[in-house]
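# Observations on the model geometry
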Amino acid sequence: MSKILFVMTGADHWTLADGSTHPTGFWAEEAVVPWRALRAAGHEVVVATPGGVLPPVDRASLAAEVNGGRERADEIAGALEEMTELRTPVKLAEVDLDDYAAVFYPGGHGPMEDLAVDVESGGVLVAALDSGKPLAVVCHGPAALLAAVRPDGTNAFAGYRAAAFTNEEETQGGLAGRARWLLQDRLTEAGVDVRAGEPWAPHVVVDRTLITGQNPASSAPVAGELLKRLG
């Protein structure tokens, strides 16, 4: 049916305020759940990363305790093995948005390290927004919106309502006090109207062509909204 572009982090660490690094990457559930839903509906997925590097999975996202038990964690890990697109990413700089019907950004702390400042990713986001194509972003993926800056210096998503990983969730996760910056704060500073839901509960915000989810639990409903837009 349609080709869907998955833009994913190439960063395997997140630099903290003291200069140390926290191991990370993409959050497995946030890639696997939408990928499965899109593939089941007959769509093709293409993965793109900065420089075409292999997207690293955050190993913490494969733990039983964050997946509701060992069985679910093993299921997510098995799906990653099936997701062969992860092993053949294209270079973000070589993406032609005309080839795709929609764009999706999973999270994990990785985007806080690279996509938040990646000019090529920012260009893809601005082009997707201006084209009217559906754009779905989840959890820490909205960090990439920070790089979507127009020539006049304004953020392309200023004035949009959005969900994103919240300060409260970062605090409960134990990393807020060590972070150089927090996603909710930085998005708000850029003019994005962040609408926070309950911590860790599914929460999706749709504003025009932008579909955003707050956390890993929001991956499935974000995918559902994207499929509605794809018809």
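Up top is the structure these notes are about.
What counts and what doesn't
- Residues numbered from 1 in each chain as written.
- Predicted model: local features only at pLDDT ≥ 70, side-chain atom pairs only at ≥ 80, totals over all residues.
- Heavy atoms only, no water.
- Helix = DSSP H or I, 4+ residues; strand = E, 2+ residues; numbered from the N terminus.
- Rg over C-alpha atoms; globule rule 2.2 N^0.38 Å.
- Buried < 20%, exposed > 50% of the residue type's maximum accessible area, 1.4 Å probe, protein only.
- Areas by Shrake-Rupley, 256 points an atom, 1.4 Å probe, with all protein chains shown as cover.
- Lys, Arg positive; Asp, Glu negative; His and termini not counted.
- Charge placed at Lys NZ, Arg CZ, Asp CG, Glu CD.
- Phe/Tyr/Trp six-rings, centres within 6.5 Å; stacked < 30°, edge-to-face > 60°.

### Considering the overall build of the protein
Looking only at helices and strands, the protein features 7 helices and 11 strands. For the protein, whose C-alpha radius of gyration is 16 Å, the value lies close to the compact-globule estimate of 17 Å for 231 residues. In terms of overall dimensions, the protein has C-alpha extents of about 40 × 40 × 30 Å along its principal axes. For the protein, with 231 residues in total, the buried portion stands at 55%. For the protein, the exposed surface amounts to about 9400 Å²; the carbon and sulfur share of it is 50%. With 18 positive and 32 negative side-chain charges, the protein shows a separation of 3 Å between the mean positions of the two kinds.

### Considering the packing of aromatic side chains
By the definition in use, this model includes 3 aromatic pairs. Arranged with centres 5.8 Å apart and planes meeting at 65°, the rings of Phe157 and Tyr160 form a pair that is edge-to-face. According to the relative accessible area criterion, Phe157 is buried, its value standing at 0%. On the basis of relative accessible area, Tyr160 is assigned to the buried category, the value being 10%.

Everything listed is a geometric property; what it means functionally is a separate question.
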